Amino acid sequence: MARKVRFGSSRTDHSGILKVLSAIAPRHTECLQVLASLQRGTRGRHALDSVGNERSKAKYPSNDREAGVTYKEWMGRCVKEMKAKSDHALREMLRELMDHGVVEKDRDFELETEMVRIPFSDVVLSLILNFKRP
(Lines give C-alpha, C1' and ligand atoms only; values in the text may rest on other atoms or scores of the structure.)
Protein backbone atom coordinates (compact mmCIF):
# COMPACT_ATOMS: atom_id res chain seq x y z
CA MET A 1 0.00 0.00 0.00
CA ALA A 2 1.27 3.46 -0.87
CA ARG A 3 2.17 5.79 1.95
CA LYS A 4 -0.41 8.52 2.39
CA VAL A 5 0.60 12.13 2.74
CA ARG A 6 -1.47 13.57 5.57
CA PHE A 7 -2.13 17.20 6.29
CA GLY A 8 -1.23 18.43 9.78
CA SER A 9 -3.80 18.75 12.54
CA SER A 10 -3.33 22.49 13.05
CA ARG A 11 -6.16 24.50 11.51
CA THR A 12 -3.83 27.40 10.70
CA ASP A 13 -0.56 25.62 9.77
CA HIS A 14 -0.55 25.32 6.00
CA SER A 15 2.93 23.91 5.41
CA GLY A 16 1.71 20.47 4.33
CA ILE A 17 -1.07 21.45 1.94
CA LEU A 18 1.19 21.71 -1.11
CA LYS A 19 2.57 18.23 -0.45
CA VAL A 20 -0.94 16.80 -0.19
CA LEU A 21 -2.15 18.62 -3.32
CA SER A 22 0.88 17.34 -5.24
CA ALA A 23 0.38 13.78 -3.98
CA ILE A 24 -3.31 13.35 -4.80
CA ALA A 25 -4.69 12.73 -8.28
CA PRO A 26 -5.48 15.79 -10.43
CA ARG A 27 -9.24 15.08 -10.34
CA HIS A 28 -9.13 14.95 -6.55
CA THR A 29 -7.43 18.34 -6.51
CA GLU A 30 -10.04 19.76 -8.88
CA CYS A 31 -12.92 18.48 -6.72
CA LEU A 32 -11.21 19.87 -3.62
CA GLN A 33 -10.93 23.24 -5.39
CA VAL A 34 -14.66 23.13 -6.16
CA LEU A 35 -15.37 22.47 -2.47
CA ALA A 36 -13.07 25.33 -1.42
CA SER A 37 -14.86 27.65 -3.84
CA LEU A 38 -18.31 26.63 -2.56
CA GLN A 39 -17.17 26.92 1.05
CA ARG A 40 -15.87 30.43 0.43
CA GLY A 41 -19.16 31.27 -1.27
CA THR A 42 -21.08 30.49 1.92
CA ARG A 43 -19.43 33.43 3.68
CA GLY A 44 -21.99 36.00 4.70
CA ARG A 45 -24.99 33.80 4.02
CA HIS A 46 -27.11 32.92 7.00
CA ALA A 47 -27.63 29.23 7.62
CA LEU A 48 -31.28 28.32 7.06
CA ASP A 49 -33.29 25.44 8.43
CA SER A 50 -35.50 23.22 6.26
CA VAL A 51 -38.36 25.77 6.24
CA GLY A 52 -36.20 28.79 5.45
CA ASN A 53 -35.81 30.23 8.95
CA GLU A 54 -32.43 31.32 10.26
CA ARG A 55 -30.92 28.62 12.42
CA SER A 56 -30.04 29.26 16.03
CA LYS A 57 -26.56 30.74 16.42
CA ALA A 58 -26.22 28.90 19.71
CA LYS A 59 -26.78 25.56 17.96
CA TYR A 60 -24.72 26.20 14.84
CA PRO A 61 -21.27 27.69 14.37
CA SER A 62 -21.20 31.38 13.56
CA ASN A 63 -18.09 30.72 11.48
CA ASP A 64 -19.37 29.68 8.05
CA ARG A 65 -16.16 27.74 7.40
CA GLU A 66 -17.16 25.39 10.20
CA ALA A 67 -20.60 24.78 8.67
CA GLY A 68 -19.34 23.65 5.26
CA VAL A 69 -21.64 22.91 2.31
CA THR A 70 -24.05 20.12 1.53
CA TYR A 71 -22.62 17.06 -0.17
CA LYS A 72 -25.44 17.30 -2.72
CA GLU A 73 -24.44 20.86 -3.68
CA TRP A 74 -20.77 19.83 -3.99
CA MET A 75 -21.65 16.75 -6.05
CA GLY A 76 -23.91 18.76 -8.35
CA ARG A 77 -21.19 21.29 -9.02
CA CYS A 78 -18.49 18.62 -9.59
CA VAL A 79 -20.71 16.71 -12.03
CA LYS A 80 -21.77 19.92 -13.82
CA GLU A 81 -18.12 20.98 -14.24
CA MET A 82 -17.20 17.40 -15.26
CA LYS A 83 -14.79 16.94 -12.36
CA ALA A 84 -16.59 13.76 -11.22
CA LYS A 85 -18.70 11.38 -13.30
CA SER A 86 -21.10 10.22 -10.60
CA ASP A 87 -22.02 10.13 -6.95
CA HIS A 88 -20.04 6.91 -6.55
CA ALA A 89 -16.89 8.42 -8.08
CA LEU A 90 -17.12 11.52 -5.87
CA ARG A 91 -17.68 9.40 -2.74
CA GLU A 92 -14.48 7.51 -3.53
CA MET A 93 -12.63 10.81 -3.87
CA LEU A 94 -14.22 12.04 -0.64
CA ARG A 95 -13.00 8.94 1.20
CA GLU A 96 -9.45 9.52 -0.03
CA LEU A 97 -9.56 13.26 0.80
CA MET A 98 -10.77 12.36 4.29
CA ASP A 99 -7.91 9.83 4.60
CA HIS A 100 -5.49 12.68 3.82
CA GLY A 101 -7.14 14.85 6.45
CA VAL A 102 -8.16 17.70 4.14
CA VAL A 103 -11.93 17.17 4.21
CA GLU A 104 -14.39 16.31 6.97
CA LYS A 105 -17.92 14.98 6.60
CA ASP A 106 -20.75 15.37 9.11
CA ARG A 107 -24.45 14.73 9.17
CA ASP A 108 -26.78 17.67 9.78
CA PHE A 109 -29.71 15.95 11.47
CA GLU A 110 -31.90 19.05 11.45
CA LEU A 111 -31.53 19.49 7.70
CA GLU A 112 -31.30 15.71 7.17
CA THR A 113 -28.29 16.03 4.88
CA GLU A 114 -24.57 15.35 4.69
CA MET A 115 -22.25 18.31 5.11
CA VAL A 116 -18.66 18.42 3.82
CA ARG A 117 -16.00 20.98 4.65
CA ILE A 118 -12.35 21.81 4.50
CA PRO A 119 -11.65 22.39 8.21
CA PHE A 120 -8.81 24.85 7.77
CA SER A 121 -8.19 28.60 7.67
CA ASP A 122 -8.84 31.02 4.82
CA VAL A 123 -5.12 30.89 4.04
CA VAL A 124 -5.40 27.16 3.30
CA LEU A 125 -8.56 27.69 1.24
CA SER A 126 -6.62 30.25 -0.83
CA LEU A 127 -3.71 27.85 -1.30
CA ILE A 128 -6.10 25.15 -2.50
CA LEU A 129 -7.91 27.51 -4.89
CA ASN A 130 -4.64 28.86 -6.33
CA PHE A 131 -2.82 25.51 -6.62
CA LYS A 132 -1.53 24.67 -10.09
CA ARG A 133 0.31 21.47 -10.92
CA PRO A 134 3.88 21.98 -12.10
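Along each chain, residues carry numbers from 1 onward, in the same order as the chain's sequence is written. With the structure being a predicted model, the display of local features is reserved for residues of pLDDT at least 70 and the display and counting of side-chain atom pairs for 80 or more, all residues being used for whole-chain, interface and lining totals. Note: side-chain values were computed over all heavy atoms of the structure, leaving out hydrogens and water.

(A) Region of the structure containing the nonpolar core. Grouped together as the largest cluster of nonpolar side chains are 28 residues, with contacts concentrated most on Leu32, Trp74, Leu90, Val103, Val116, Ile118 and Ile128. Of all the elements in the fold, those that place two or more residues in this core are helix H1 (17-23), helix H2 (26-41), helix H4 (71-80), helix H5 (87-100) and helix H6 (122-130). For this core, the element with the most residues is H2, which contributes 6 residues. By definition, residues are in contact when any of their heavy atoms lie within 4.5 Å. Sequence-distant contacts of Val103, that is, excluding residues within four places in its chain, are made with Leu32, Leu35, Leu94, Leu97, Met98, Val116, Arg117, Ile118 and Pro119. Throughout this description, the term nonpolar core refers to a set of buried Ala, Val, Leu, Ile, Met, Phe, Trp, Tyr and Cys residues connected via side-chain atoms within 4.5 Å. Note on exposure labels: buried denotes an accessible area under 20% of the residue type's maximum, exposed denotes more than 50%, and partly exposed covers the range between, all computed with a 1.4 Å probe on protein chains only. Secondary structure follows DSSP: runs of H or I at least 4 residues long count as helices, runs of E at least 2 residues long count as strands, and numbering of each begins at the N terminus.

(B) Structural view of the packing of aromatic side chains. Each aromatic pair joins two rings of Phe, Tyr and Trp (for Trp, the six-membered one) with centres within 6.5 Å, and gets the label stacked for planes under 30 degrees apart, edge-to-face for over 60, and tilted for any other angle. Inspection of every chain in the model, using the stated rule, returns 1 aromatic pair. Judged by centre distance (6.1 Å) and plane angle (80 degrees), the rings of Tyr71 and Trp74 are edge-to-face. Residue Tyr71 and its partner Trp74 are both found in helix H4; the two are separated by 3 residues, about one turn of the helix. The exposure class of Trp74 is buried, given its relative accessible area of 0%. Cation placement over rings: the criterion is NZ of Lys or CZ of Arg within 6 Å of the ring centroid and within 35° of the ring normal. One cation-aromatic arrangement involves Arg91 over Tyr71; the distance from NZ or CZ to the ring centre is 4.1 Å.

(C) Up close: the side chain of Glu114. With respect to the helices and strands, Glu114 occurs in strand E3 (residues 113-117). If we skip the residues at most four places from it in the chain, Glu114 touches Val69, Thr70, Tyr71, Arg91, Lys105, Asp106 and Arg107.

(D) Examining the packing of H2 against H4 more closely. Orientation is described by lines fitted to C-alpha atoms, with helices fitted over the stretch in contact, and by angles between N-to-C directions that extend from 0 to 180 degrees. At their nearest, the axes of H2 and H4 sit 10 Å apart, and the two run at 125 degrees to each other. One element, H2, and the other, H4, form an angle in the oblique class. H2 and H4 meet at a crossing whose hand is right-handed. Across the interface between the two elements, Cys31, Val34, Leu35, Ser37 and Leu38 of H2 pack against Glu73, Trp74, Arg77 and Cys78 of H4. Side-chain classes follow a simple rule in which Ala, Val, Leu, Ile, Met, Phe, Trp, Tyr, Cys and Pro form the nonpolar group, Asp, Glu, Lys and Arg form the charged group, and the remainder, Gly included, forms the polar group. In terms of residue class, the contact of H2 with H4 is built from 6 nonpolar, 1 polar and 2 charged. Geometric relationships in this document are graded by angle, where less than 35 degrees denotes roughly parallel, more than 145 denotes roughly antiparallel, 65 to 115 denotes roughly perpendicular, and other angles denote oblique. What makes a crossing left-handed is the near helix being turned counterclockwise from the far one by less than a right angle; a clockwise turn instead makes it right-handed.

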